[in-house]
Amino acid sequence: DTEVTQTPKHLVMGMTNKKSLKCEQHMGHRAMYWYKQKAKKPPELMFVYSYEKLSINESVPSRFSPECPNSSLLNLHLHALQPEDSALYLCASSQVPGGRNQPQHFGDGTRLSIL
Amino acid sequence: AQSVTQLDSQVPVFEEAPVELRCNYSSSVSVYLFWYVQYPNQGLQLLLKYLSGSTLVKGINGFEAEFNKSQTSFHLRKPSVHISDTAEYFCAVTGSSNTGKLIFGQGTTLQVKP
């Protein structure tokens, strides 16, 4: 069982819809991450939150809007997405922000399809 | 800058045979290395990590890896694979800055045949 929970597992949306992806962890981790993963490729980092504050934005288009309401929750708000945004979106967490020796713990992801 | 090269994109192997998945890295600072496995329709699961100390690291599911500083390698091995080991395997190193960023290799697909 994964300790990072993502909902929903699957999401199909049109290009004009607004939806949100949710991620939750109860390990007391203070760093949380969003990744995008295309088929047969490694995950690509999108955002990093450290102590509930956005610390890294990897030049992600503004149609993706992250939010960290508290230390256990991470959201990714989606609006006006493009077909090329179809992918697996992974959430991860690690114990200490910026800790180079900290492994990241991943959720099972949300598989997003844009019609 | 850090980088990771996984030398094989696909590794086919018969059940109960040994397997080695190769990973080479480059780093200008001290190295922390990880192997992750991704089963179909799942997220990434940590197999093992090298932080310091013994160069032979044992992980879950019977996997182990050896850190070789002189050859800048961190190859993953299992003496006898099962059908259930069929998955995508990613080698990763943390970036040089204190951001927690992971630098992933391109992945190796392990295909275990009966």
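A brief report on the enclosed structure follows. Bear in mind the structure is a predicted one, so any value in this text is a computation, not a measurement. (Residues numbered from 1 in each chain as written. Chains lettered and ligands numbered in written order. Predicted model: local features only at pLDDT ≥ 70, side-chain atom pairs only at ≥ 80, totals over all residues. Heavy atoms only, no water.)

## Structural notes on the interface of chain B and chain A
Tallying the contact residues gives 29 residues for chain B and 24 residues for chain A. Summed over both partners, the interface of chain B with chain A comes to about 2,000 Å²; 54% of that surface belongs to carbon and sulfur atoms. The three residues of chain B that bury the most area against chain A are L44, K101 and F104 of chain B, which together make up 21% of that side's buried surface. Joining chain B to chain A, the criterion identifies one salt bridge. K101 of chain B is the salt-bridge partner of E58 of chain A, the closest N and O atoms lying 3.1 Å from each other. In this structure, the connection of chain B to chain A is made through six residue pairs in polar contact (both at pLDDT 80 or more). Looking at the side of chain B that touches chain A, the elements with two or more residues in it are β5 (33-38), β6 (44-50), β10 (87-94) and β11 (102-104) of chain B. A class-by-class count of the residues in the side of chain B that touches chain A yields 10 nonpolar, 16 polar and three charged. (Contact = heavy atoms within 4.5 Å. Buried area = accessible area lost by both parts, 1.4 Å probe. Salt bridge = Lys/Arg side-chain N within 4 Å of Asp/Glu carboxyl O. Polar contact = N/O pair within 3.5 Å; in protein donor to acceptor, adjacent residues only side chain to side chain. Helix = DSSP H or I, 4+ residues; strand = E, 2+ residues; numbered from the N terminus. Nonpolar A, V, L, I, M, F, W, Y, C, P; charged D, E, K, R; others polar.)

## With respect to the sheet that holds strand β8 (residues 73-79) of chain A
Residues and elements named next belong to chain A. Pairing is antiparallel across the open sheet formed by four strands, whose spatial order is β1-β3-β8-β7. The sheet is open, and its two borders are formed by β1 (4-7) and β7 (64-70), each paired with just one other strand. Here the strands of the sheet are splayed against their neighbours by 20° on average, with no regard to which way each runs. Bridge analysis of β1 against strand β3 (residues 18-25) gives four bridges, and the strand direction is antiparallel. Within β3, the residue paired with V4 across the bridge is Q25. (Pairing = 2+ DSSP bridges. Axes fitted to C-alpha atoms, helices over the stretch in contact; angles between N-to-C directions.)

## As for the pattern of salt bridges
Residues and elements named next belong to chain B. Under the definition given, this model contains eight salt bridges over all chains. Across the salt bridge formed by R77 and E66, the nearest N and O atoms sit 3.5 Å from each other. Taken together, the residues R77 in strand β9 (residues 73-78) and E66 in strand β8 (residues 64-68) connect sequence positions 11 residues apart. Taking the relative accessible area as the measure of exposure, R77 reaches 28% and is therefore partly exposed. Because the salt bridges share partners, they merge into one network encompassing E20, E66 and R77. (Buried < 20%, exposed > 50% of the residue type's maximum accessible area, 1.4 Å probe, protein only.)

## Some details on the nonpolar core
By size, the foremost hydrophobic cluster in this structure holds 28 residues, and its most contacted members are W35, L48, F74, L76 and Y89 of chain B. Per-element accounting of this core gives the leading share, four residues, to β10 of chain B. Discounting chain neighbours no more than four positions away, the residues touching F74 of chain B are C23, L33, F34, W35, L48, K49, Y50, A65, E66, F67 and C91 of chain B. C23, L74, L76 and A87 of chain A belong to the second largest nonpolar core, which has 22 residues in total. (Core = buried A, V, L, I, M, F, W, Y, C linked by side-chain atoms within 4.5 Å.)

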